[in-house]
Every structure is written in C-alpha cells, then in structure tokens.
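# Descriptive analysis of the structure
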Amino acid sequence: MRGKERKVIDDARDQPLDKRVCFSVRLLESASTYKDIVVRKKDGFTQILLSTGSTYNNTLNREVMNEVKSALEKAAVDDSKFVLLSAVGSVFCCGLDFDNIVKHLKYNRKRATVKLVDTIKNFVNSFIEFKKPIVVSVNGPAIGLGASILPLCDVVWANEKAWFQTPYTRFGQSPDGCSTITFPKIMGRAAANEMLINGWKMNAQEACDKGLVSQVFWSETFTQEVMVRIQEITSCNSFVLENSKALVRYNMNVELKQANERECEVLKKIWASAQGMEYMLKYVQNKIDSF
C-alpha cells in the first residue's frame, strides 16, 4: 500500500459497459495523479484514504495536501453524495511533516514559507468550501492539523484507541486548521486552551464528550460499525444531504476563512523568523518517534 505508484479502486464490476468505460478512464486519470492518497469511488460516495508513501505516519507535506484538495474538488462535482475520509494503517494523521518543512525552509526561507503556508491555507479552505458532507473515520492518533481539521468535517467516528493532540507550542508553531475558533466553540475556551496551548492529549471518549468526535466504536468492530452507518447515509437523498449541511453551516464559512487567513499569516511570521526556525529545528532534532 505504500509504494510510490498510487491507485484508485472503483467498485464498477457490476456496472453496465458504458459506465465501466467511464470508470476505467477515471481510474487511469487518478492513478497518474495520486501518489500519497488512495481514492475509492464507491456506490454513492467517494472514499479518500491517507496512505502516504513520501511521508511517515500519514504526515502532511505540500504534495499530500494538494492531492487531498484535488480529490475533494473532483468529488464536489461528480455523483458522490458525500466523502469518507480515512487512513491506511494504525495512524490517522500526524499533522504537518516538520522534517519536510525544515528541509524546505533551509533554502530561501521567505519564498518557501509563502509556498508552504499558501498550501496549508488552500488545503483548509478546500474543507471549508466543500458543500457535500464529509464523514471522517479516525482509526488512530490524530495530531496537529490532523486533529484541527476534524471540526471542518460533518461527522467524525473514532476508534476507541484513537487519541487527539494539538501540541503546537512544542512544535514551535501557532494553531492551524481554524482551530482557534472551532475548538473554543465546540469544547469551551478552557478545554480549547488545554489543547492548543498546553498540548492536552485527549483520548477518544474525552474527544466525544467534548464534541470533537461524534461517536466512539470498539476496535474489534470499528470498520463494520463505520460501514453500517455509511450505508445508511448512502441511502439518503443527495439534495437533502447537501442542503442539510448548508443549513447547519449557514453563515459559518466567512468566519472560518477569516480564521484560516489569520492563522496562516501568523505561521508566515513564525516560519520566516530566525527564532521560529530555531524552535522547529530543535523539535525535529529532539523528537522521539512513539509509534
């Protein structure tokens, strides 16, 4: 699953010939497009799996974020009723790839900073702008940006062994993913500060109690529980699903985009500074892989 050549798996074997031709064309297009994610076109929805070959523990570099953004853009205009975001392996997403960031910032820091931050901003905006429901299946740890994007999605189901952490101050960076407004709204200011400033490591049940996660399922039956509920959503009318999301998120997008803009501007200042670079280098050099 972690080879350089990525694939898109389509459930098209039982479709009429003309539809199978279309599926084949789409498969070929996607195979040449995606290297760090797997896209499965299912009956009624699109599944996007993080399966990064160029990074470790499903961390996010520019390439991975651009691929997820591209997959969301395609799902926005095809016949998918919603998107299921999940991951391959025992880790959901460990946030930004700081090894990769430091490598790029060593050379022409100002230019690299602009490119990296713009990629993050566009990545986050792709979640904000997506009009169809996004369902997330969190199979394991969600850290940093991997956790902060969850409130931008619509339904979040977690494996009981998953945990959530946004230890930004330890990374030497500021919060991202609109977490500066979504976390306080969801869990209250005190808990949000524990997460964003103090790096509170929240287990799955705590995340559910605080509203970051919708439901928690046993590890042994996690995949089955998710797919039962996915089939229930698939049976719903696409018009109803999209408009239900629009009603729930009415007037929220402007506020979210403004927060994303503010957070990215602060990231630019930190990464462009000598002190910010020093903190990141220290983190990368001293980090201990716990997986």
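Residues numbered from 1 in each chain as written. Predicted model: local features only at pLDDT ≥ 70, side-chain atom pairs only at ≥ 80, totals over all residues. Heavy atoms only, no water.

Now for the pairing of strand 2 (residues 37-41). For a regular strand, side chains alternate in direction, first toward one face of the sheet and then toward the other. The buried count for strand 2 comes to four of five residues, which makes it a mostly enclosed element. As judged from the five bridges shared by strand 2 and strand 3 (residues 45-50), these two strands associate in the antiparallel manner. Along strand 3, the bridge assignment pairs I37 with L50. Taking the residues between adjacent antiparallel strands as the criterion, strand 2 and strand 3 are bridged by three residues, where G44 takes a positive phi near 105°. (Buried < 20%, exposed > 50% of the residue type's maximum accessible area, 1.4 Å probe, protein only. Helix = DSSP H or I, 4+ residues; strand = E, 2+ residues; numbered from the N terminus. Pairing = 2+ DSSP bridges.)

The subject of this paragraph is the state of the cysteines. Linking two cysteines covalently through their sulfur atoms gives a disulfide. A complete count under the given rule lists zero disulfides for this structure. With no disulfide partner, C178 has as its closest neighbouring cysteine sulfur the one in C264, 8.2 Å distant. (Disulfide = S-S within 2.5 Å.)

Reading across from one edge, 6-8-9 is the order of the three strands in this open sheet, with mixed pairing throughout. Only two strands of the sheet have a single neighbouring strand rather than two, namely strand 6 (142-143) and strand 9 (202-203). As paired elements, strand 6 and strand 8 (residues 163-165) share two bridges and run parallel to each other. Looking at strand 8, one finds that I143 is bridged to Q165.

Before going further, it helps to examine helix 8 (residues 189-196). Since there are 3.6 residues in each turn of an α-helix, residues three or four apart along the chain are aligned in direction. Taken as a whole, helix 8 has its buried residues at A191, A192, M195 and L196. Buried residues in helix 8, looked at end-on, bunch into an arc of 125°, giving them a common side. Exposed side of helix 8, more than 90 degrees from the buried face: R189 and A190 are the residues found there. Turning to helix 8, the residues buried within the fold contact strand 8, helix 6 (168-171), helix 7 (179-187), strand 9 and helix 9 (204-210). (Arc of directions from axis to C-beta. Contact = heavy atoms within 4.5 Å.)

Okay, the layout of surface pockets next. There is about 380 Å³ of room inside the second largest pocket. Residues belonging to the lining of the second largest pocket are distributed by class as follows: 14 nonpolar, four polar and five charged. (1 Å grid on protein atoms, 1.4 Å probe; cavity = no way out; pocket = protein on both sides within 12 Å on 5 of 7 lines; lining within 4 Å. Points joined across faces, edges and corners; volume = space filled by probe spheres on them. Nonpolar A, V, L, I, M, F, W, Y, C, P; charged D, E, K, R; others polar.)

Bringing the packing of helix 7 against helix 12 (residues 253-272) into the picture now. Interhelical geometry of helix 7 versus helix 12 gives an angle of 125° and a closest axis separation of 8 Å. Considered as vectors, helix 7 and helix 12 are oriented oblique to each other. Together, S179, T180, I181, T182 and K185 of helix 7 and E255, L256, A259, R262 and E263 of helix 12 make up the contact between the two elements. Tallied by class, the residues present in the contact of helix 7 with helix 12 amount to three nonpolar, three polar and four charged. (Axes fitted to C-alpha atoms, helices over the stretch in contact; angles between N-to-C directions. Parallel < 35°, antiparallel > 145°, perpendicular 65-115°, else oblique.)

On to the confidence of the model for the protein, then. Within the protein, residue pLDDT values average 87, and 87% of them lie at 70 or more. Below pLDDT 50 for its whole length, residues 1-32 participates in 45 contacts with residues either more than four positions away or in separate chains. (pLDDT = per-residue confidence, 0-100.)

It is worth spelling out the pattern of salt bridges at this point. With the rule as written, the count across this model stands at eleven salt bridges. As a salt-bridge pair, D78 and K132 come within 3.8 Å of each other at their nearest N and O atoms. Of this pair, D78 sits in the loop between helix 2 (62-77) and strand 4 (82-87) while K132 sits in the loop between helix 4 (109-129) and strand 5 (134-138); the two residues are 54 residues apart in sequence, bridging distant segments of the chain. We classify D78 as partly exposed; its relative accessible area is 24%. Between R249 and D154 there is a salt bridge, with its nearest N and O atoms 3.1 Å apart. Pair noted here: R249 is in the loop between helix 11 (238-248) and helix 12 and D154 is in the loop between helix 5 (145-148) and strand 7 (155-159), with a separation of 95 residues, a long-range link. When its relative accessible area of 28% is taken as the criterion, D154 is described as partly exposed. (Salt bridge = Lys/Arg side-chain N within 4 Å of Asp/Glu carboxyl O.)

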